[in-house]
Amino acid sequence: NKINTSLDEESNKSSDEDKKEERESLENSMKEFRERYLNELNMSPDEIFKKMDEESGNKELAEEEKLICENGLMYVLRFKQMKEKNSIFSWNWWAFLLGPIWFAYHKMYAWTLALLGIDAVFTVIDPKSIGSFLLDIVIAIFANRFLMDHIDTLKRKVDAMSEDKRERYMTRHGGTSMVATVLIIGIYYLAKFLILKYFNI
């Protein structure tokens, strides 16, 4: 039994070391590509991603980063760690500070509307309650998981498409949207103002 236990421990240790080396190798490679091409001022983000795809030989990773776009490398590595640990929890400060606006920025509009509705309910019930604050905490804890699932869904759809449709779909549904963010900010605060005024809160 002691021998088996020792072998299991060595096997787990070896597996963890392999995962760590794989993660470090991925991180170093992606950073190298990013630093090399971001220094070339005439290259657009699409050209950078395409170049990374060609040189890395890993089309899946290049597409995943393109679908995320903003801070793509950071999220790719974080998603990899979460999947390795089978974890659904991962704190996100931007999601905590921005709440539903963060979801709008990442084009997760269904979640944006749902969270705005929940926040509006808290506002009507008791604007001085800690409901909205607790909602922000929950959002921050699960935001990375929601984004990871969102990107995985987009990837499955992209993989089933022909080459000529992939780029258009990734551009339309992936990445981030500052326009949507600005619109959501305006609607968010206007709705809150109208709710507070209507209920004389």
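Only a predicted model underlies this, so the values are computations on that prediction, with no experimental measurement involved.

Draft legend 1. Just the nonpolar core, in detail. One finds F79, W102, F103, L147 and I151 to be the most contacted residues of the largest nonpolar core, which totals 21 residues. Elements supplying a minimum of two residues to this core: α3 (59-68), α4 (72-85), α6 (100-105), α8 (131-159) and α9 (163-173). Broken down by element, this core gets its largest block of residues, eight residues, from α8. Those residues within four positions of F103 in sequence are excluded, and the remaining contacts are M108, W111, T112, L115, I139, A143 and F146. Listed in part, the five residues of the second largest apolar core include I101, A104, L116 and I184.

Draft legend 2. Representation of the pattern of salt bridges within the structure. Using the criterion set out here, one finds three salt bridges in the structure. Among the salt bridges present, the one from D152 reaches K83, with a minimum N-O distance of 3.4 Å. Highlighted residues: D152 in helix α8 and K83 in helix α4, separated in sequence by 69 residues. Put simply, R166 and D159 hold a salt bridge, and the shortest N to O gap is 3.7 Å. Judged by its relative accessible area of 49%, D159 is partly exposed.

Draft legend 3. Expanded view of the environment of A95. Structurally, A95 can be placed in helix α5 (residues 93-98). The residues contacting A95, other than those within four sequence positions of it, are W102, I139, A140 and A143.

Draft legend 4. Examining the side chain of T112 more closely. Relative to the assigned elements, T112 resides in helix α7 (residues 109-125). With a relative accessible area of 1%, T112 lands in the buried category. Those residues in contact with T112 that sit more than four places away from it in its chain are P100, F103, A104 and I184.

Draft legend 5. A look at the packing of α7 against α8. At a closest axis distance of 10 Å, the pairing of α7 and α8 adopts a crossing angle of 165°. Classed by the angle they form, the pair α7 and α8 counts as roughly antiparallel. Between α7 and α8 lies a crossing whose hand is right-handed. Between α7 and α8, the contacting residues are W111, L115, I118, D119 and F122 on the first element and G131, S132, L135, I139 and F146 on the second.

Draft legend 6. Here's a closer look at a nonpolar patch on the surface. A grouping of W91, W93, W94, L97 and L98 is seen on the molecular surface, where their side chains present a nonpolar patch of about 600 Å² in accessible area. When you line up the elements, L98 lands in helix α5.

Draft legend 7. Here's a closer look at unusual backbone geometry. Positive phi, normally seen in glycine, also occurs at N86, with a value near 55°. Its location among the elements puts N86 in the loop between α4 and α5. Look at N86 and you get exposed, because its relative accessible area is 68%.

Reading the values: the criteria
- Residues numbered from 1 in each chain as written.
- Predicted model: local features only at pLDDT ≥ 70, side-chain atom pairs only at ≥ 80, totals over all residues.
- Heavy atoms only, no water.
- Core = buried A, V, L, I, M, F, W, Y, C linked by side-chain atoms within 4.5 Å.
- Buried < 20%, exposed > 50% of the residue type's maximum accessible area, 1.4 Å probe, protein only.
- Helix = DSSP H or I, 4+ residues; strand = E, 2+ residues; numbered from the N terminus.
- Contact = heavy atoms within 4.5 Å.
- Salt bridge = Lys/Arg side-chain N within 4 Å of Asp/Glu carboxyl O.
- Axes fitted to C-alpha atoms, helices over the stretch in contact; angles between N-to-C directions.
- Parallel < 35°, antiparallel > 145°, perpendicular 65-115°, else oblique.
- Left-handed = near helix turned anticlockwise from the far one by under 90°.
- Patch = residues over 30% accessible without salt bridge, like charges linked within 9 Å, V, L, I, M, F, W, Y side chains within 5 Å.
- Areas by Shrake-Rupley, 256 points an atom, 1.4 Å probe, with all protein chains shown as cover.

In short, shape yes, function no, at least from these values alone.
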